[in-house]
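Notes for the structure review
Below are the chains, spelled out letter by letter.
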Amino acid sequence: MPDAPLGLAFVGCFTTERRRARGQGIDVYRTGDGLDGWAYLGRVEGLTNPSFLVADPRRAVLYTVQGDGADASAFAAAPDGTLRPLGSAATDGTNSVHQALDPTGRFLIVANYASGSVALLPVRDDGGLEPACHVLPLPGDPGPHRTEQACAHPHHVVLAPDGRHVLVPDKGLDRVFVLAIDGERLAIVSETAMRPGAGPRHIAFHPRAPLAFLINELESSIATCRWDAEAGTLTPLHLTPTLPPDFFGASTAAAIVVTPDGRFVYASNRGQDGIARFRVDAEAGRLDPAVWTPSGGRDPRFMTLAPDGRHLLVANEQGDSLVEFAIDAVSGDLTKTGTRPSLSPCTIAFL
């Protein structure tokens, strides 16, 4: 097990014509002084749409699902950035879009978007994966959108701060499911309905207050929810749009990020191509919109905090770029501090 960060960044890029993609797999970088200081180390090719990456620092293992495919893959990361394949395993679903490790590191939990299920894959001692030991179809009636909500579409897998629950926003059913791992099976603890047609996509927790922020893709909104860890339930409290009031074009919401101090929330808009910044009123359980910043490229699909927690990294999928913003500690305002080319980037992970 590594006893210190390896200083590596991994960028997953879409690869197929169906995704209008130009990427070639997973690009590997040595991190430096800001994004402009990253050094390119190499690439893992032969993957189909490595659409989301999860790093396990305990084992120095990187996991990816393959968008529009049916497998999850694991790689052992060396200090020089080399990724050694540990094999792939079936998710028993199609178009796996997101995954998370359970707190014990025994399972990889995978959202199968196209087939409407959540899979539980055992993790071997070396970090490799076994085929799914349980697949849970998500029940419910589809939302009203004729093309985007034809069936269940789980889009995110997030561990609750208590470590006992797994939250899965479902874009197709306009619901957020709270799950628990029972032995080698997944069980539904509760579910929370959003407005019809909202299209729940991703969710992020406040670092201290019992709040979670749910971004709705189709409605371009964020629902602030009360989280009850004891009962494993979400209660919607407040809804706010992610788009500026003077924007009238087509756009969908994508990523959501909460700052480590819990004071600010950021959301990305694909179409408007901006990053919305909100101030958190934790006592009232609401978000107050403040300003919108251009994302620096087309279709900001993904965002994450840099390891220092003081910079926001944005992957502009159709803009073929990674953009770095410094976060003002007082106002939360974003200042562009770096950019680098990247073909069809859709996810970033660190080790």
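Preceding this section is the structure that the text describes.
Below is a summary of the structure that appears in this document. From a predicted model like this one, the values you see are computed outputs, not experimental measurements. Residue positions are counted from 1 within each chain, in the order its sequence is given. The predicted nature of this model means local features are confined to residues of pLDDT at least 70 and side-chain atom pairs, given and counted, to a pLDDT of 80 or more, with totals for whole chains, interfaces and linings taken over all residues. Calculated side-chain values reflect all of the structure's heavy atoms, with hydrogen atoms and water omitted.

1. A closer look at the overall build of the chain
Rules: Each helix is a run of DSSP H or I of at least 4 residues and each strand a run of E of at least 2, with the numbering of both proceeding from the N terminus. Using C-alpha atoms as the atom set, the radius of gyration is obtained and then compared with a globule rule of 2.2 Å times the number of residues to the power 0.38. Think of it in three bands: residues with accessible area under 20% of the maximum for their type are buried, residues over 50% are exposed, and the middle band is partly exposed, with areas taken using a 1.4 Å probe on protein chains only. Residues are treated as being in contact if the distance between any of their heavy atoms lies within 4.5 Å.
Check the secondary structure of the chain and you find zero helices and 28 strands. Rg of the C-alpha trace for the chain: 19 Å, near the compact-globule value of 20 Å for 351 residues, within the 12% margin. Considered along the principal axes of its C-alpha atoms, the chain spans approximately 45 × 45 × 40 Å. Within the chain, the proportion of its 351 residues that are buried is 59%. For the chain, long-range pairs separated by at least 24 residues make up 48% of all intrachain contacts whose partners lie at least 6 apart in sequence.

2. Digging into the sheet that holds strand 7 (residues 83–90)
Counted only if it meets this: Between any two strands, at least two bridges found by DSSP are needed for them to pair. Convention adopted: a line fitted to C-alpha atoms gives each axis, helices being fitted over their contacting stretch, and angles between N-to-C directions are expressed from 0 to 180 degrees.
If you trace the four strands from one edge of the open sheet to the other, you get 4-5-6-7, paired in antiparallel fashion. The open sheet is flanked by strand 4 (50–56) and strand 7, the only strands paired with a single partner. Neighbour-to-neighbour, the strand axes of the sheet open up by a mean angle of 20°, direction not taken into account. Note: strand 6 (residues 71–77) against strand 7, seven bridges, orientation antiparallel. Bridging from a neighbouring strand, Ala 76 pairs with Arg 84 of strand 7.

3. Considerations on the packing of aromatic side chains
Threshold: Working definition: a ring pair exists when centres of Phe, Tyr or Trp rings (six-membered ring for Trp) sit within 6.5 Å. Plane angles under 30 degrees give stacked, over 60 give edge-to-face, the rest tilted.
Enumeration over the complete set of coordinates arrives at five aromatic pairs. When the centroid spacing of 5.4 Å and the interplanar angle of 45° are considered together, the rings of Tyr 29 and Trp 38 count as tilted. In this structure, Tyr 29 and Trp 38 share a single accessibility class: buried. Relative to Phe 350, the ring of Trp 38 has its centre 6.1 Å away and its plane inclined at 85°; by these criteria the two rings are edge-to-face. You can see Trp 38 sitting in the loop between strand 2 (26–30) and strand 3 (39–44) and its partner Phe 350 sitting in strand 28 (residues 345–350), a full 312 residues away along the chain. By relative accessible area, which is 21% here, Phe 350 ends up partly exposed.

4. Considering the pairing of strand 1 (residues 8–13)
For strand 1, a buried count of six out of six residues is recorded, marking the element as mostly surrounded by other parts of the structure. Alternating residues of strand 1 divide into Leu 8, Phe 10 and Gly 12 and Ala 9, Val 11 and Cys 13, and every residue in both groups is buried. One ladder, built from five bridges, connects strand 1 with strand 2; its direction is antiparallel. Bridge pairing in strand 2 links Val 11 to Asp 27.

5. Looking at the sheet that holds strand 20 (residues 252–258)
The strand order across the open sheet formed by four strands is 20-21-22-23, and the pairing between neighbours is antiparallel. Of all strands in the sheet, those with a lone pairing partner are strand 20 and strand 23 (286–294), marking the two edges. Going from strand to strand, the sheet's axes swing by 25° on average, the running direction of each strand aside. As paired strands, strand 22 (residues 274–281) and strand 23 are joined by eight bridges and run antiparallel to one another. In the sheet register, Ala 276 faces strand 23, and the bridge partner there is Trp 292.

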